[in-house]
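This is what each chain is made of:
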Amino acid sequence: MMNDRLRAAGEAILLLVLSAVMSNIGFASLIAVAPLMFFAIRYGRKAGSVLIAAGFFLDLVITGMSGGLFTAGKLGASVLLIDMFIPLSLSAAGIVWLATKGQNVMKRLFMTLFPSVLLALACVAFFYSDRALLDSLRVLFEDAFAALAGPVLEFVLPGVDMSVIVYAALLTVLSLVLPVVLCGVCASCFIFETALHSRESGWEEKVMRLEYSPDAVWGFIISWALVLLLRFISAPLLLELAVINVAGIWTVIYAVEGFSVLFARIRRRSPMVRSMTLLIIVLLLGTLVPGINFIVLIGLPLIGVLESFFDLKKLGGIDYEDHS
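Residues numbered from 1 in each chain as written. Predicted model: local features only at pLDDT ≥ 70, side-chain atom pairs only at ≥ 80, totals over all residues. Heavy atoms only, no water.

Peer 1: Tell me what's going on with the overall build of the chain, and back it up with residues and numbers.
Peer 2: Regarding its fold elements, the chain presents 14 helices and 0 strands. Listing each helix as α and each strand as β along the chain from the N terminus yields α-α-α-α-α-α-α-α-α-α-α-α-α-α. Considered along the principal axes of its C-alpha atoms, the chain spans approximately 60 × 60 × 35 Å. Taking all 324 residues of the chain together, the buried fraction comes to 40%. When the accessible surface of the chain is summed, it comes to about 17,900 Å², and 72% of that surface belongs to carbon and sulfur atoms. (Helix = DSSP H or I, 4+ residues; strand = E, 2+ residues; numbered from the N terminus. Buried < 20%, exposed > 50% of the residue type's maximum accessible area, 1.4 Å probe, protein only. Areas by Shrake-Rupley, 256 points an atom, 1.4 Å probe, with all protein chains shown as cover.)

Peer 1: For the side chain of T251, give the residues involved together with the corresponding values.
Peer 2: Here T251 shows up in helix α11 (residues 237-269). Once residues lying within four places of it in the same chain are set aside, the contact partners of T251 are F220, W224 and P301. (Contact = heavy atoms within 4.5 Å.)

Peer 1: Hey, could you go over the packing of aromatic side chains for me, with residue numbers and the actual values?
Peer 2: Taken as a whole, this structure holds 9 aromatic pairs when the rule is applied. With a centroid separation of 6.2 Å and an interplanar angle of 35 degrees, the aromatic rings of F190 and W203 are classed as tilted. Taken together, the positions of F190 in helix α8 (residues 162-196) and W203 in helix α9 (residues 203-208) put the pair 13 residues apart, joining distant regions of the chain. When its relative accessible area of 10% is taken as the criterion, W203 is described as buried. By relative accessible area, F190 is classed as buried at 15%. Through a chain of ring-to-ring contacts, the aromatic side chains of F110, Y212, F220, W250 and Y254 assemble into a single cluster. (Phe/Tyr/Trp six-rings, centres within 6.5 Å; stacked < 30°, edge-to-face > 60°.)

Peer 1: Before we move on, can you summarise the packing of α8 against α11 with the specific residues and values?
Peer 2: Direction vectors running N to C along α8 and α11 enclose 30 degrees, while the axes themselves pass 9 Å from each other. Viewed along their axes, α8 and α11 adopt a mutual orientation that is roughly parallel. As α8 packs across α11, the resulting crossing turns out to be right-handed. Of α11, the residues touching α8 (which contributes Y167, L171, L174, S175, L176, V177, L178, P179, L182, C183, C186 and F190) are L237, L241, I244, N245, G248, I249, V252, I253, V256 and F259. The residue inventory of the contact of α8 with α11, partitioned by class, reads 19 nonpolar, 3 polar and no charged. (Axes fitted to C-alpha atoms, helices over the stretch in contact; angles between N-to-C directions. Parallel < 35°, antiparallel > 145°, perpendicular 65-115°, else oblique. Left-handed = near helix turned anticlockwise from the far one by under 90°. Nonpolar A, V, L, I, M, F, W, Y, C, P; charged D, E, K, R; others polar.)

Peer 1: Kindly report on the confidence of the model for the chain, identifying the contributing residues and their values.
Peer 2: For the chain, per-residue confidence averages 86 on the pLDDT scale, and 90% of positions sit at 70 or higher. Helix α14 (residues 312-315) is the least confidently modelled element of the chain, averaging 69 in pLDDT, while helix α5 (residues 85-99) averages 96, the highest of any element. Scored below 50 in pLDDT, residues 320-324 shows 15 contacts in the model against residues more than four places distant or in partner chains. (pLDDT = per-residue confidence, 0-100.)

Peer 1: Describe the pattern of salt bridges, listing the residues and the values that go with them.
Peer 2: Applying the stated criterion across every chain yields a total of 4 salt bridges. In this structure, R42 and E11 form a salt bridge, with 3.5 Å as the shortest nitrogen-oxygen distance. Of the two residues, R42 is situated in helix α2 (residues 34-43) and E11 in helix α1 (residues 2-22); the sequence distance between them amounts to 31 residues. Residue classification places R42 among the exposed residues on the basis of a relative accessible area of 53%. Where E205 meets R267, a salt bridge forms, and the shortest distance between an N and an O atom there is 3.4 Å. Separated by 62 residues along the polypeptide, E205 in helix α9 and R267 in helix α11 bring together distant segments of the chain. E205 sits in the partly exposed class, given a relative accessible area of 23%. Classification of R267 by relative accessible area gives buried; the value is 13%. (Salt bridge = Lys/Arg side-chain N within 4 Å of Asp/Glu carboxyl O.)

Right under this line is the structure:
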């Protein structure tokens with residue numbers, strides 16, 4: 001019994017360290033929760049959820065202490081809240097994913113986003129209740145952005161108005177925050193599920209057979225129609241950001257189905273190809289290769305949407321049942 005506890009403690013510490021390291025490495029931070037989810041494979045969902053929570057608090061302490069944010073008053077606390085938005089969202093999503101085992105994929109993905117939406121609404125209410133704090137944050141980020149990118153922008157665009165660039169960059173970030181969180185959730189949960197089912201002979205076929213309800217495609221169509229509509233009518237900025245985020249969420253949702261279609265087509269010709277191998281290739285192409293990344297980002301959701309109308313898997317000669 002003691003040996004089992006020591007082994008569990010050792011594994012937990014190792015996974016916490018790995019997650020903490022990944023949290024500070026670029027895009028790896030989006031899947032930093034995946035190692036913590038692995039703990040649930042051997043020790044159950046409750047233990048996995050506890051470790052995910054512990055990982056978040058470890059990340060919170062490291063971030064707060066390294067930036068001196070714990071002692072920087074209300075402004076420091078606000079910066080810490082912004083810094084921890086994605087880690088908190090991903091941690092909550094990991095716990096929700098573990099708790100919703102057995103439900104269909106689309107429902108689980110939307111449920112994993114629910115804590116992020118609540119947190120985003122709380123942040124909006126908090127910052128809009130204190131406009132002075134919001135202005136201080138804007139100045140802080142503008143100074144930080146100018147220090148990092150100012151010399152390059154001055155060289156490329158002499159005399160550029162830095163405040164305009166910062167405002168545009170901020171709007172871009174706010175427009176993509178929930179889709180980015182969902183990308184991290186999808187990647188982390190897929191890695192976890194692949195590890196969980198690694199010994200099952202039918203796992204790769206299950207990935208091939210993922211399918212949404214045909215009616216769900218209207219969520220994608222309507223959300224992007226609203227984005228286009230807002231180009232022609234005046235609307236509050238917060239509403240525009242909300243609509244773009246919703247459209248981005250549906251885009252990621254259908255990128256998941258597009259990945260399934262792509263894997264099914266490739267698997268039919270090359271039966272030895274694994275879904276995890278394809279995921280790694282897609283992630284590398286989508287994040288590191290200029291030009292190709294645009295094709296990946298547009299192509300996968302488009303394939304997923306077309307699957308709803310044309311049944312591309314059956315056109316590829318693949319028999320499947322709904323396993324979503």
